[in-house]
There are 2 protein chains.
Amino acid sequence: MLCNTVTTASVKGKDTRTHLDREQVLAAAAKLVKQQGPQSLTMRKLAAELGTAVTSIYWHVGNRESLLEALVERTVADLGEIRPRGTTPEQRVASVAGALRRQLREHPHLVAMVHERGLTERMFLPAQQALVREVHAAGLHGSRAAGVVRAVQFHVVGHVLVERQRERAPAQRPGEEELWGALTAAGDPALARALSVPADPEKVFDTSVRALVSGLLRT
Amino acid sequence: MLCNTVTTASVKGKDTRTHLDREQVLAAAAKLVKQQGPQSLTMRKLAAELGTAVTSIYWHVGNRESLLEALVERTVADLGEIRPRGTTPEQRVASVAGALRRQLREHPHLVAMVHERGLTERMFLPAQQALVREVHAAGLHGSRAAGVVRAVQFHVVGHVLVERQRERAPAQRPGEEELWGALTAAGDPALARALSVPADPEKVFDTSVRALVSGLLRT
DNA sequence: ACCTGAACACCGTTCAAGT
DNA sequence: ACCTGAACACCGTTCAAGT
């Protein structure tokens, strides 16, 4: 399958016309995927970017799918640690949620790619372990603690997926303004005003995580 | 763009070789998309299914994108109402969340398709209105009420997205069992056991919605 | 008004042939 | 060991030509 020959050409030469390198292929692919998502990665575009024939790429990475797989595995391995902050258990659990969200947002397409390739559990293990420590500190154990860990994980991942969709989505029609005219607001103009402006994901995340965690940790 | 000529050929004839119909195209496309998702819909497969030339489809629906758009708009328009159940505000809000989840789960690819085409606000309006009523009944108003509505909506949509990913994902490697051996469990074997078995999305949804709503509605 | 096949510009992938 | 172009089976889409 994969020849893992790491040659000595560590300098990613453009001028120095050295041999094509598995490393170079991965780097160029990572650049394309990080910006535009995996479906924007075509072997032909990648070859053009690298200045080689399309088929050379196949020699180094096998095929498109194993290229993406290598990319995903490397990214997951390079994810930083998660350090809880704050004093109360609520604060510390919420800070783990926030850190996880930030991690995922740095790699907008990673969650889906990881899932499709079956690496989800490995990816979330560090966050889960951090959560377990804090939930233990809050006095919860056993299956109840497990339930809390999973609820937080689902919530964060779900929120990030929604956020990402919002960012990629075009302008909504009809916009929220038209939909939430005074008519639909049931005599609450302040609410109508609030709902007629696009949601601020940051705020939604804060309020929902705070509410979720306090609801979960209450005995 | 779109000729909305609804002919009299309402019988979806296979034996009766009547003219091809915009309606037939939409129906066949809906079938393919509902099962396998939009990326499985190719014009050539669709033509084969309908027994016509590929290019005939273009006459009726313009192109692939407007076909998908028509599909999405129809599905959104056909979504049922949302009726809250229960007595306490917490129960009623949670029941709206549950109903919304059920709606979305019936159309596994709808959320993403709706988003890509800018119909999100319209799609969620009924659920939002139901939520507003219940949140009002719980004594919350103005921007705080709006925050609650949005937190619930984000949470449900996010959960459904995560659920859908889990279903489509292959077997995870390494599995949860290996990861959550006694080693990583920090002296809590019951928790390790709970986390080493795949998550039950139904349960996660229940506990997280309950916690979220109670956290949100507390004054 | 509706259908058709040929043609074009894209894909991923294989393979025999080069050095 | 590494690179190459030709070829294959797929895409969506356009268009001139049919009835």
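Residues numbered from 1 in each chain as written. Chains lettered and ligands numbered in written order. Predicted model: local features only at pLDDT ≥ 70, side-chain atom pairs only at ≥ 80, totals over all residues. Heavy atoms only, no water.

A.B. asks: Account for the protein's contact with DNA strand D, naming residues and giving values.
C.D. replies: Taken together, the neighbourhood of DNA strand D is formed by 17 residues, with A:T55, A:S56, A:H60, B:R44 and B:T55 sitting nearest. The sugar-phosphate share of atoms of DNA strand D within 4 Å of the protein amounts to 52%. Contact between DNA strand D and A:S56: a phosphate oxygen at 2.7 Å from a side-chain N or O atom of the residue. Within the backbone of B:M43, an N or O atom sits 3.0 Å from a phosphate oxygen of DNA strand D. Among the secondary structure elements, those contributing two or more residues to the surface near DNA strand D are α3 (54-61) of chain A together with α2 (43-50) and α3 (54-61) of chain B. Ranked by residue count, the leading element in the surface near DNA strand D is α3(A), at four residues. Its residues placed into classes, the surface near DNA strand D shows seven nonpolar, eight polar and two charged. (Near = heavy atom within 4 Å. Polar contact = N/O pair within 3.5 Å; in protein donor to acceptor, adjacent residues only side chain to side chain. Helix = DSSP H or I, 4+ residues; strand = E, 2+ residues; numbered from the N terminus. Nonpolar A, V, L, I, M, F, W, Y, C, P; charged D, E, K, R; others polar.)

A.B. asks: Describe the nonpolar core, listing the residues and the values that go with them.
C.D. replies: Core analysis: the biggest nonpolar cluster contains 136 residues, and A:L46 and B:L46 have the highest contact counts within it. If sequence neighbours within four positions are ignored, B:L46 has contacts with B:V25, B:A28, B:A29, B:L32, B:L41, B:I57 and B:L67. (Core = buried A, V, L, I, M, F, W, Y, C linked by side-chain atoms within 4.5 Å. Buried < 20%, exposed > 50% of the residue type's maximum accessible area, 1.4 Å probe, protein only. Contact = heavy atoms within 4.5 Å.)

A.B. asks: With reference to specific residues and values, describe the relation of the copies chain B and chain A.
C.D. replies: Between the two copies, chain B and chain A, the superposition gives an RMSD of 0.0 Å; the rotation angle is 180° and the shift along the axis is 0.0 Å. Here the copies are linked by what is in effect a two-fold axis. In terms of proximity to the rotation axis, the leading residue of chain B is B:G158, whose C-alpha is 1.7 Å off the axis. Most of the interface of chain B is mirrored in chain A, where 100% of its interface residues again form contacts. (Least-squares fit on C-alpha atoms with pLDDT ≥ 70 in both.)

A.B. asks: Can you explain the interface of chain B and chain A? Please cite residues and give values.
C.D. replies: With 63 residues of chain B at the contact, the number on the chain A side is 63 residues. Buried area between chain B and chain A, summed over both chains or domains, comes out near 5600 Å², and the portion from carbon and sulfur atoms is 63%. For the interface between chain B and chain A, the tally reads zero salt bridges. For the pair chain B and chain A, the number of links is 21 residue pairs in polar contact (both at pLDDT 80 or more). Sorting the residues of the side of chain B that touches chain A by element identifies α4 (64-77), α6 (110-116), α7 (120-137), α8 (142-168), α9 (176-179), α10 (189-195) and α11 (201-217) of chain B as the ones contributing at least two each. (Buried area = accessible area lost by both parts, 1.4 Å probe. Salt bridge = Lys/Arg side-chain N within 4 Å of Asp/Glu carboxyl O.)

A.B. asks: Describe the packing of aromatic side chains, with residues and values.
C.D. replies: On inspection of all chains with the given rule, the structure shows zero aromatic pairs over all chains. Cation over ring: A:R101 sits above A:F205, and NZ or CZ is 4.9 Å from the ring centre. (Phe/Tyr/Trp six-rings, centres within 6.5 Å; stacked < 30°, edge-to-face > 60°. Lys NZ or Arg CZ within 6 Å of the ring centre and 35° of its normal.)

A.B. asks: Could you give an account of the protein's contact with DNA strand C, with specific residues and numbers?
C.D. replies: Close to DNA strand C lie 17 residues, the nearest being A:R44, A:T55, B:S56, B:W59 and B:H60. Counting only the atoms of DNA strand C within 4 Å of the protein, the fraction contributed by sugar and phosphate is 54%. A distance of 3.0 Å separates a phosphate oxygen of DNA strand C from a polar atom in the backbone of A:M43. Contacts to DNA strand C include A:R64, whose backbone N or O atom sits 3.0 Å from a phosphate oxygen. Where the surface near DNA strand C is concerned, the elements lending two or more residues are α2 (43-50) and α3 of chain A together with α3 of chain B. Among the residues forming the surface near DNA strand C, the class breakdown is seven nonpolar, eight polar and two charged.

A.B. asks: Could you give an account of the UniProt feature "DNA-binding region" (unreviewed entry) in chain A, with specific residues and numbers?
C.D. replies: As annotated by UniProt and renumbered to match this structure, "DNA-binding region" (unreviewed entry) occupies residues 42-61 of chain A. In the segment residues 42-61 of chain A, helix accounts for 80% and strand for 0%; the C-alpha atoms at its two ends are 14 Å apart. (UniProt positions renumbered as here; feature names shortened; annotations may be inferred.)

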